Amino acid sequence: MLREVSAGRGSLLTEQIPSLEAAGRILAEEITADRDYPPFPRSARDGFAVRAADLPGELTVIGEVRAGEIFHGLVGPGGAVEIMTGAPLPDGADVVVMIEHTERAGKLVRISRSFKPGENFGAQGSEVRQGSNVLSAGRRLGFAEIALLATVGHECATVYKRPRVAIVPTGDEIVETGQQPQPFHIRNSNAWSMAVQVARAGGDPQILSIARDNYESTRGLIEQGLEHDMLLLSGGVSAGKYDIVERVLADVGAQFFFDRVLIQPGQPLVFGTARGTFFFGLPGNPASTMVTFEVFARAAVELLSGAQEAPLPLLQARLSKEVRHKTGLTRFLPAQVSADGSSVIPEPWQGSGDVMALARANAFLVTEPDRESWAAGDMIRVLLK
Ligand code: AMP
Ligand code: MG
């Protein structure tokens, strides 16, 4: 089904924005080098520009070239030019000898060993040739990519527009964070976790009102949500008497790709499309909402943001404590990965409503459905938070 999501990529909209504001965005154009890089043979060291054929030997210093200057002479046989890092190699020279390997005496410089031509400078065009591709559409822009845009003179970049993702929490017991809760109320944490997850995946989160567990309220908000590029609901997708999200979705013409997944937390996850908009009905328990977003919805947001692929950040770590579980489901258990990423320990938790444990954890252990136990010392899969 993710292929279905990515099939929509052809219709993704683009916009031009200042490159400096493009961190995390997905590039929507090909970027080519406007000139050779380096644009001139560039010294990588402070030292002397000389002819390799003259080495070892005692050479005459005929001048100096600093970064930001050019030397208007020629290094002939027996000549040397004092050169600084970043300065252009003078004509005639074919090697830079580091200052540490030289002995200066007035107008003379002594170099007591030989060096190969080409050492200690970058030949013009050795990094990239003018006109060749340096970045392709579909690349997420980070600090190095943005530095590259600066290097090739792109003050602005064309990127994919961020998909507007509607967030609709559901539940009669849910109240906004700023409200005074009654003893039987629960504050709306899912809207915030989803908003942060959406933004992190490259989407533009739009938090709508809380849908109440009745048909009219839920239908109104689902219809409003479907006017966005994607709709995320939390809660109301289990088997309870007032879990009406799926019924309302069916009534607005939804096509369901699946309405159950064999994972825990998060079994009753719903994914489909209605009125041309992809939707996810995420189960309402905070851990279920967070895990199902990371495992399923995140990839959809990333693909709708223009990313070419959206792999899960999985790694392997060594368990420092035994883990057992009932087979049948893939479980995502809150866990602590050590600072060096080598070992992992499960975080004590009270089940999928335990927001405190999720905040303490920095990762999830991923237990396979067909294996019952892992001993301390076993390698296990870990999903980073
Ligand atoms: P549901 O999936 O609607 O059955 O909800 C499962 C559990 O998650 C219930 O205990 C809800 O109170 C809780 N829950 C549902 N929505 C939210 C939300 N937006 N913020 C925090 N907890 C929620
Ligand atoms: Mg509910």
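Quick caveat: nothing in here was measured; it's all calculated off a predicted structure.

## Section: the overall build of the chain
Line of reasoning, step 1. Across its full length, the chain holds seven helices and 28 strands.
Line of reasoning, step 2. Computed over C-alpha atoms, the radius of gyration of the chain comes to 30 Å, more than 25% over the 21 Å expected from 2.2 N^0.38 for 385 residues, which places it beyond the range of a compact globule.
Line of reasoning, step 3. Reported as C-alpha extents along the three principal axes, the dimensions of the chain are approximately 95 × 50 × 40 Å.
Line of reasoning, step 4. The burial tally for the chain puts 46% of its 385 residues in the buried class.
Line of reasoning, step 5. If you take every contact in the chain between residues at least 6 apart in sequence, the share linking residues at least 24 apart comes to 68%.
Line of reasoning, step 6. When the accessible surface of the chain is summed, it comes to about 18,800 Å², and 51% of that surface belongs to carbon and sulfur atoms.

## Details of the sheet that holds strand 13 (residues 164-169)
Line of reasoning, step 1. Spatial ordering of the open sheet is given by 16-13-17-21-20-18, a layout of six strands whose pairing is mixed. The two strands at the open ends of the sheet, each matched to only one other strand, are strand 16 (204-207) and strand 18 (255-258). If you compare each strand with its neighbour and ignore which way they point, the axes differ by 25° on average.
Line of reasoning, step 2. Across the face of the sheet, helix 3 (residues 190-200) comes into contact with strand 13, strand 16, strand 17 (230-234) and strand 21 (277-282) while running at roughly 160° to strand 16.
Line of reasoning, step 3. Sitting on the sheet, helix 6 (residues 286-304) touches strand 13, strand 17, strand 18 and strand 21, and the angle it makes with strand 17 is about 175°.

## Overview of helix 3
Line of reasoning, step 1. Residues of helix 3 that are buried include every one of Asn 190, Ala 191, Ser 193, Met 194, Ala 195, Gln 197 and Val 198, and no others.
Line of reasoning, step 2. The first or second residue beyond helix 3 is Gly 202, which carries a positive phi of 105°.

## Describing the pairing of strand 13
Line of reasoning, step 1. In terms of burial, strand 13 is largely enclosed, as five of its six residues are buried.
Line of reasoning, step 2. As defined by bridge partners, strand 13 adjoins strand 16 across four bridges and the pair is classed as parallel. Of the residues in strand 16, the one forming a bridge with Ile 167 is Ile 207.
Line of reasoning, step 3. With five bridges connecting them, strand 13 and strand 17 associate as parallel partners. Across the sheet, residue Val 165 finds its bridge partner in strand 17, namely Met 230.

## What to know about the site of ligand 1
Line of reasoning, step 1. Close to ligand 1 lie 15 residues, the nearest being Glu 173, Asn 188, Asn 190, Gly 236 and Gly 284.
Line of reasoning, step 2. A distance of 2.5 Å is found between an oxygen atom of ligand 1 and a side-chain nitrogen or oxygen belonging to Glu 173.
Line of reasoning, step 3. In this structure, Ser 189 approaches ligand 1 through a main-chain N or O atom, which is 3.1 Å from a nitrogen atom.
Line of reasoning, step 4. For ligand 1, the protein covers 79% of the area, taking 480 Å² as the surface of the free molecule.
Line of reasoning, step 5. Judged by its atoms lying within 2 Å of the grid points, ligand 1 is housed in the largest pocket.
Line of reasoning, step 6. Residues belonging to the shell around ligand 1 are distributed by class as follows: four nonpolar, nine polar and two charged.

## Topic: the pattern of salt bridges
Line of reasoning, step 1. Per the counting criterion, the structure on display carries 18 salt bridges.
Line of reasoning, step 2. Connected through salt bridges with shared partners, the residues Arg 140, Arg 200, Glu 294, Arg 298 and Glu 302 form a single ionic network.

## Focus on the sheet that holds strand 6 (residues 79-83)
Line of reasoning, step 1. Strands sit in the order 7-4-6-5-9-8 across an open sheet of six strands; the sheet is mixed. Looking at the sheet topology across the chains shown, the edges are occupied by strand 7 (95-98) and strand 8 (103-105). With direction set aside, neighbouring strand axes in the sheet form an average angle of 40°.
Line of reasoning, step 2. The pairing of strand 5 (residues 57-65) with strand 9 (residues 108-111) spans four bridges and is classified as antiparallel. Within the sheet, the bridge partner assigned to Leu 59 lies in strand 9 and is Val 109.

## Digging into the nonpolar core
Line of reasoning, step 1. Counting residues in hydrophobic clusters, the biggest one holds 32 residues, and the most contacted among them are Met 230, Leu 232, Phe 280, Phe 296 and Phe 332.
Line of reasoning, step 2. Elements with a minimum of two residues in this core: strand 13, helix 3, strand 17, strand 21, helix 6 and strand 26 (363-367).
Line of reasoning, step 3. Per-element tally for this core: the top contributor is helix 6, with 10 residues.
Line of reasoning, step 4. Leave out the neighbours within four places in its chain, and Met 230 touches Arg 164, Val 165, Ala 166, Gly 225, Thr 277, Phe 278, Phe 280, Ala 297, Ala 300, Val 301 and Leu 304.
Line of reasoning, step 5. Among the nonpolar cores identified, the runner-up in size contains 19 residues, and Ala 211, Ile 222, Val 245 and Ala 254 belong to it.

## A few points about the side chain of Arg 298
Line of reasoning, step 1. Relative to the helices and strands, Arg 298 resides in helix 6.
Line of reasoning, step 2. Reaching out from Arg 298, the side chain makes a polar contact with the side chain of Glu 302 at a distance of 2.5 Å.
Line of reasoning, step 3. The contacts of Arg 298, once residues within four sequence positions are left out, are Ala 201, Phe 293, Ala 310, Pro 311, Leu 312 and Pro 313.

## Concerning the confidence of the model for the chain
Line of reasoning, step 1. On average, residues of the chain score 95 in pLDDT, and 97% of them reach the 70 mark or higher.
Line of reasoning, step 2. Contacts of residues 5-9 to residues separated by more than four positions or lying in other chains number 11 contacts, the stretch itself having pLDDT below 50.

## Considerations on the layout of surface pockets
Line of reasoning, step 1. Space inside the largest pocket adds up to approximately 480 Å³.
Line of reasoning, step 2. Lining the largest pocket are 30 residues, and of these Glu 173, Gly 235, Gly 284, Asn 285 and Pro 286 lie nearest its centre.
Line of reasoning, step 3. Partitioning the lining of the largest pocket into residue classes produces nine nonpolar, 17 polar and four charged.

## With respect to the pairing of strand 6
Line of reasoning, step 1. Of all five residues making up strand 6, five are buried, and the element is well covered by its neighbours.
Line of reasoning, step 2. A two-sided burial pattern is seen for strand 6, the buried positions comprising Gly 79, Val 81 and Ile 83 on one face and Ala 80 and Glu 82 on the other.
Line of reasoning, step 3. Relative to strand 6, strand 4 (residues 47-50) runs antiparallel, the two being bridged by three bridges. Residue Phe 48 lies in a different strand from strand 6, and its bridge partner there is Glu 82.
Line of reasoning, step 4. For strand 5 and strand 6, the ladder comprises five bridges, and the chain directions are parallel. From the neighbouring strand, Thr 60 faces strand 6, where its bridge partner is Gly 79.

Calculation criteria
Residues numbered from 1 in each chain as written. Chains lettered and ligands numbered in written order. Predicted model: local features only at pLDDT ≥ 70, side-chain atom pairs only at ≥ 80, totals over all residues. Heavy atoms only, no water. Helix = DSSP H or I, 4+ residues; strand = E, 2+ residues; numbered from the N terminus. Rg over C-alpha atoms; globule rule 2.2 N^0.38 Å. Buried < 20%, exposed > 50% of the residue type's maximum accessible area, 1.4 Å probe, protein only. Contact = heavy atoms within 4.5 Å. Areas by Shrake-Rupley, 256 points an atom, 1.4 Å probe, with all protein chains shown as cover. Pairing = 2+ DSSP bridges. Axes fitted to C-alpha atoms, helices over the stretch in contact; angles between N-to-C directions. Near = heavy atom within 4 Å. Polar contact = N/O pair within 3.5 Å; in protein donor to acceptor, adjacent residues only side chain to side chain. 1 Å grid on protein atoms, 1.4 Å probe; cavity = no way out; pocket = protein on both sides within 12 Å on 5 of 7 lines; lining within 4 Å. Sits in = over half its atoms within 2 Å of the grid points. Nonpolar A, V, L, I, M, F, W, Y, C, P; charged D, E, K, R; others polar. Salt bridge = Lys/Arg side-chain N within 4 Å of Asp/Glu carboxyl O. Core = buried A, V, L, I, M, F, W, Y, C linked by side-chain atoms within 4.5 Å. pLDDT = per-residue confidence, 0-100. Points joined across faces, edges and corners; volume = space filled by probe spheres on them.

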